[in-house]
Amino acid sequence: MSFSLYYFLELTAIFIILGWTLYWVYRIGQLNNAPIAVMAVSAYLCGYALLNWGWPLILAFVFGAGCGILFAFIPALALGRAPAFAMVICTIALIFIMQTVFRNLPWFGGSLGMFGIPKVKKLLLITYCFVGFFGILIYRFDHSRLGRAAEMIFVDRDIASTLGINIYLFSVCLQVMTGTMGAVAGMLYVFTIRTIVPTYFGFAFLLSITTFIFVGGYTTMWGVVVFTPLLWGLTVILPESITALRNIIFGILLMVTLLLRSEGVIDKRFLRKINIGSKLVFMKIFSLFQKIKDVRG
Amino acid sequence: MEVFTAQLINAIALGSIYALLVIGFNLLLVVGGIFPFAYSHIVVLSMYMCWIVLRITGDNLILGILAGILSGTALSLITEPIFRPLAKRGAVLSSFIVAMAISMIITDIMSKRIHGGVVISFPLTLQGKEALITFGIATITAGHIATIAGSIIAGIGFFYLLYRTRQGRAFRAMGQSPFAARLLGIPIVKTSIFAYMIAGFLGGISSILLAMSLGSASAVLGDNLALKVMAVALFAGLGNIGGGLVAAMVLGLAEGMALAYLPGEWYQAISFGMIMVIIMIKPKGLFGAMA
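Residues numbered from 1 in each chain as written. Chains lettered and ligands numbered in written order. Predicted model: local features only at pLDDT ≥ 70, side-chain atom pairs only at ≥ 80, totals over all residues. Heavy atoms only, no water.

(A) Summary view of the overall build of chain A. Helix and strand counts for chain A stand at 13 helices and two strands. With the C-alpha coordinates aligned to their principal axes, the bounding extent of chain A is approximately 80 × 55 × 40 Å. Burial analysis of chain A (297 residues in total) assigns 54% to the buried set. Long-range contacts, defined here as pairs at least 24 residues apart, represent 80% of the contacts in chain A between residues at least 6 apart. The centroid of the 22 positive side-chain charges in chain A is displaced by 8 Å from the centroid of its 9 negative side-chain charges. (Helix = DSSP H or I, 4+ residues; strand = E, 2+ residues; numbered from the N terminus. Buried < 20%, exposed > 50% of the residue type's maximum accessible area, 1.4 Å probe, protein only. Contact = heavy atoms within 4.5 Å. Lys, Arg positive; Asp, Glu negative; His and termini not counted. Charge placed at Lys NZ, Arg CZ, Asp CG, Glu CD.)

Dropping the structure here:
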C-alpha cells in the first residue's frame, strides 16, 4: 500500500471517530467539543509514558485512555446541566486551555512538542477495529430505547424530563463515552503522525471535524462516514493550488449546507428514501429472476 | 506597586475594549436572534483593512480610522442576509455553526492572503505611545486615554440609542419577543439590519481601539477574541448588556494581572479557566440572561 493511501485511510478513520464524538452528544442537543481537548491529554500522556518512562505500548495506551476518560469525566459533572451555549463555550475554552498548558510545560517539549513515538504494527487494522467497535456501539444506541430517549431530549427537554428521562445523567454518560472515543482517537492520531505538537489539537482541527459532521448530516451516524472520506479526500486528490483554499471551500460548504439543507446532506428522510429505493430495486431484481425462472420452466 | 499600577491601567484599557465588543455581540444576539461567533473575526478583519489603508496612504490616520470603522460596518451588514433565514427559523445553534464557517473563511483570508500571513504592526502614531502622566514605571499614554475615552463615548452613545430613541425601543421590543414586536408594527427586517449596522459600527470602533492598544494583529487574534467575548457574554448572562460591561472589566483586570505576574502565555489559560469555572457554577451567568 502506498504511503499516501495509508495516511488517507488512517486519518479518515480517526476523523470518523472524532465526527461521531460530536454527533453522539449532539443527539441530546449539546455541542460538546471537549473530545479534542481529551484527545490532546491522552495523546501527550501516552506519548510521555512511552518516551520518558519506557512503558510497553499496551500499558501506555491504557494509561492514556484512563487519563483521557478521567479528564472528560470531571468537566462533564459540571457541564451536564449547562445550557447548550455554555457547553459550546466551555469546551472550546478547554481546547485553548489545554493547548496553552502543553505549550508552556517543558516536560512535554513546549511549543516543539514530542518526537520519536514508536511505530505500531498493523495500526490500520487496529484503527478500523476501533471504528467498527464504536460504529456498532453508536448504531445499537441509536436503535435502542436510549436512542429514542436522546431524540426526545433533542426535541423537547421539558417533556423528556416529564417522561422520567434523567437528562443530567444522560449528558454526563454521553460526555464520558465520547471522551473515551476522543482519547482513543488522540492516541491513534499520535501513532499515525508519530509526533505530538500542541497546534495539532486546536481550533482549526475542530472546524474541520465540525464541517464533516454538519455537511454530512448530524441526525444520523452515516453522514460522517460518507462525507469524511469525501471532504478529506478532496484535499488529498485536488491540486495544491485548490487545496490551499481548503478552509474557504469548507466554510462555504458548511454555510450553504446549513442554509439549504439544515440537517445536512444525509438526514433521516434521505436514509428512508435510500431504504425504500433499495427495497424497490431488490424487489425488481427478485421479480426479474422469478420471470426468468418461469420462462425456463 | 508600580507594576500593579501599570497593569491596572492596561487592564482598564483592555477591559473597556472588551466591553464595547460585548455590547455589539449582545446586540446581535438579542436583536439579530443569532449567535455571532464571527463578530470578533470581523473586528480583526477591520483591523487588517485599517492597516492596508494606512500602508497605501502613507500612514494617513484619518483615512485608516475611517477604513476600520467603515469596513466593520460593511462586513457586519454583509453577514445579515446570510443569517436572516436562520434567525427566522429560530435556529440559534445552526447560526453558531454558520458563524464558525464565516470565521473559518475570514481567518484563512487573514492567515494566507494578507501580508503573507505575517503579523501586522500598526504605526506608532496610531498607537499613541507618548506618556502623558507618569508614576514611577507606570505611565498613562495618549493611547490609553483615547482607548478608554473612545469606549466610554461609544458605550454612552449606544445606551442613549437603546433607551432614549424609537429605534432603541424597537431593539428592546425585538429582544423581548420578535413575534410581539411584529404585531406592534415594528419592521423586523429593517430593525435587524439596523442592529447589524450598529454592531458593525461598534466593531469598527473596537478594531481601531484594539489596534491602538495591542499595536499589532494576527489571524489567530480572531479566534482568541471570539472566545473571550463569548465567554464574557456568558459570564454576565447571554444578552445582558449591563452585566456584560462589568464582566468585560473583570476579564480585562484578570488578564492584565495574570500577564504581569505569571510567566509565558499562562495568562490565557488563567482567564479562560476562570471564566470556565464560573460558567460551570452559574451556567446562566452572574447577572442572569436577557435583561
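(B) Fine view of the overall build of chain B. When helices and strands are tallied, chain B shows twelve helices and four strands. By the compact-globule yardstick of 19 Å for 291 residues, chain B fits well, its C-alpha radius of gyration being 19 Å. Principal-axis analysis of the C-alpha atoms gives chain B an extent of 60 × 45 × 35 Å. Buried residues in chain B amount to 56% of all 291 residues. A sequence separation of at least 24 residues applies to 76% of the contacts in chain B between residues at least 6 apart. For chain B, the exposed area adds up to about 11,700 Å²; of that, 70% sits on carbon and sulfur atoms. Each charge class in chain B was averaged separately, 16 positive and 8 negative side chains, and the resulting centres sit 21 Å apart. (Rg over C-alpha atoms; globule rule 2.2 N^0.38 Å. Areas by Shrake-Rupley, 256 points an atom, 1.4 Å probe, with all protein chains shown as cover.)

(C) Local environment of the side chain of glutamate 80 of chain B. Position of glutamate 80 of chain B among the secondary structure elements: in helix H3 (residues 61-89). If sequence neighbours within four positions are ignored, glutamate 80 of chain B has contacts with Ser192, Ile193 and Tyr196 of chain B.

(D) Focus on the pairing of strand E2 (residues 131-135) of chain B. Residues and elements named next belong to chain B. Inspection of the sheet shows E2 paired to strand E3 (residues 138-141) by four bridges, in the antiparallel sense. Directly across from isoleucine 133, in E3, lies its bridge partner isoleucine 140. Joining the antiparallel neighbours E2 and E3 is a turn of two residues, in which glycine 136 adopts a positive phi near 60°. (Pairing = 2+ DSSP bridges.)

(E) Structural context of the pattern of salt bridges. All names here are of chain A. One pass over the full model with this rule turns up nine salt bridges over all chains. Of the charged contacts, one joins arginine 27 and glutamate 151 as a salt bridge, the two residues approaching to 3.7 Å between their closest N and O atoms. Placement of the pair is arginine 27 in the loop between helix H1 (3-26) and helix H2 (34-51) and glutamate 151 in helix H6 (residues 145-155), with a sequence separation of 124 residues. For arginine 27, a relative accessible area of 7% gives the class buried. A relative accessible area of 32% places glutamate 151 in the partly exposed class. In this structure, the salt-bridge partner of aspartate 267 is arginine 269, at a minimum N-O distance of 3.9 Å. A relative accessible area of 2% places aspartate 267 in the buried class. Through salt bridges with shared partners, a single network forms among Arg27, Asp142, Glu151 and Lys268. (Salt bridge = Lys/Arg side-chain N within 4 Å of Asp/Glu carboxyl O.)

(F) Region of interest: the interface of chain B and chain A. Contacts between chain B and chain A engage 39 residues on the former and 42 residues on the latter. Counting the surface lost from both chain B and chain A, the interface buries some 3,600 Å², and carbon and sulfur atoms represent 83% of this. Considering only the surface of chain B that becomes buried against chain A, Leu93, Ile97 and Met104 of chain B emerge as the three largest contributors, covering 18% of it. The tally of links between chain B and chain A comes to zero salt bridges. Seen at the junction of chain B and chain A, the total is four residue pairs in polar contact (both at pLDDT 80 or more). Among the elements that make up the side of chain B that touches chain A, the one with the highest residue count is helix H4 (residues 92-113) of chain B (15 residues). Of the residues assigned to the side of chain B that touches chain A, the class counts are 28 nonpolar, five polar and six charged. (Buried area = accessible area lost by both parts, 1.4 Å probe. Polar contact = N/O pair within 3.5 Å; in protein donor to acceptor, adjacent residues only side chain to side chain. Nonpolar A, V, L, I, M, F, W, Y, C, P; charged D, E, K, R; others polar.)

(G) Examining the domain arrangement of chain A more closely. Considered domain by domain, chain A is made up of domain 1 (3-266) and domain 2 (270-297). One C-alpha centre belongs to domain 1 of chain A, the other to domain 2 of chain A; they are set 40 Å apart. (Domains from an automatic or database assignment.)

(H) How the structure looks around the layout of surface pockets. Residues and elements named next belong to chain B. In this structure, the second largest pocket spans a volume of roughly 580 Å³. In this structure, the second largest pocket is lined by 27 residues; those nearest its centre are Val31, Gly32, Gly33, Ala87 and Pro178. Elements with a minimum of two residues in the lining of the second largest pocket: helix H1 (2-32), H3, helix H7 (166-176), helix H8 (178-183) and helix H9 (188-214). By residue number, the principal contributor to the lining of the second largest pocket is H3, which donates five residues. When grouped by side-chain class, the residues that make up the lining of the second largest pocket number 16 nonpolar, seven polar and four charged. (1 Å grid on protein atoms, 1.4 Å probe; cavity = no way out; pocket = protein on both sides within 12 Å on 5 of 7 lines; lining within 4 Å. Points joined across faces, edges and corners; volume = space filled by probe spheres on them.)

(I) Structural view of the packing of helix H4 (residues 84-104) of chain A against helix H12 (residues 266-281) of chain B. As a packed pair, H4 of chain A and H12 of chain B sit with axes 9 Å apart at the nearest point and diverge in direction by 150°. Comparing their axes, H12 of chain B and H4 of chain A come out roughly antiparallel. The two elements H4 of chain A and H12 of chain B cross, and the hand of that crossing is left-handed. Contact residues: H4 of chain A offers Ala86, Ile89, Cys90, Ala93, Leu94, Phe96, Ile97, Thr100, Val101 and Asn104 of chain A, while H12 of chain B offers Trp266, Gln268, Ala269, Phe272, Gly273, Met276 and Ile279 of chain B. (Axes fitted to C-alpha atoms, helices over the stretch in contact; angles between N-to-C directions. Parallel < 35°, antiparallel > 145°, perpendicular 65-115°, else oblique. Left-handed = near helix turned anticlockwise from the far one by under 90°.)

(J) A look at the packing of helix H2 (residues 39-56) of chain B against H3 of chain B. Residues and elements named next belong to chain B. Two elements in contact, H2 and H3, have axes separated by 8 Å at closest approach and are oriented at 145°. In terms of crossing hand, the pair formed by H2 and H3 is right-handed. Residues Ile42, Leu45, Ser46, Met49, Cys50, Val53 and Leu54 of H2 touch H3, and the partners they reach there are Leu61, Leu63, Gly64, Ile65, Ala67, Gly68, Ser71, Gly72, Leu75, Ser76 and Thr79. Here the residues of the contact of H2 with H3 are counted per class, giving eleven nonpolar, seven polar and no charged.

(K) Focus on helix H3 (residues 57-79) of chain A. A rise of 1.5 Å per residue sets the reference length of H3 of chain A, with its 23 residues, at 33 Å; its end C-alpha atoms lie 33 Å apart and thus fit the reference within 8%. Looking only at H3 of chain A, the buried set comprises Ala60, Phe61, Gly64, Ala65, Cys67, Gly68, Phe71, Ala72, Pro75, Ala76 and Leu79 of chain A. (Expected span 1.5 Å × (residues − 1).)

(L) Summary view of unusual backbone geometry. All names here are of chain A. The backbone of lysine 122 sits at a positive phi, close to 55°, despite the residue not being glycine. Along the chain, lysine 122 falls in the loop between strand E1 (114-115) and helix H5 (123-142). Within the chain, arginine 194 stands out as a residue other than glycine whose phi angle is a positive 70°. Relative to the assigned elements, arginine 194 resides in the loop between helix H8 (167-193) and strand E2 (195-196).

(M) Local environment of the packing of aromatic side chains. Residues and elements named next belong to chain A. Tallied over the full model, the rule gives 40 aromatic pairs over all chains. An angle of 25° between the planes, with centres 5.9 Å apart, marks the rings of phenylalanine 61 and phenylalanine 130 as stacked. Of this pair, phenylalanine 61 sits in helix H3 while phenylalanine 130 is found in helix H5, placing the two residues 69 residues apart along the sequence. By relative accessible area, phenylalanine 61 is classed as buried at 18%. The ring of tyrosine 168 is capped by arginine 81, whose NZ or CZ atom sits 4.1 Å from the centre of that ring. (Phe/Tyr/Trp six-rings, centres within 6.5 Å; stacked < 30°, edge-to-face > 60°. Lys NZ or Arg CZ within 6 Å of the ring centre and 35° of its normal.)

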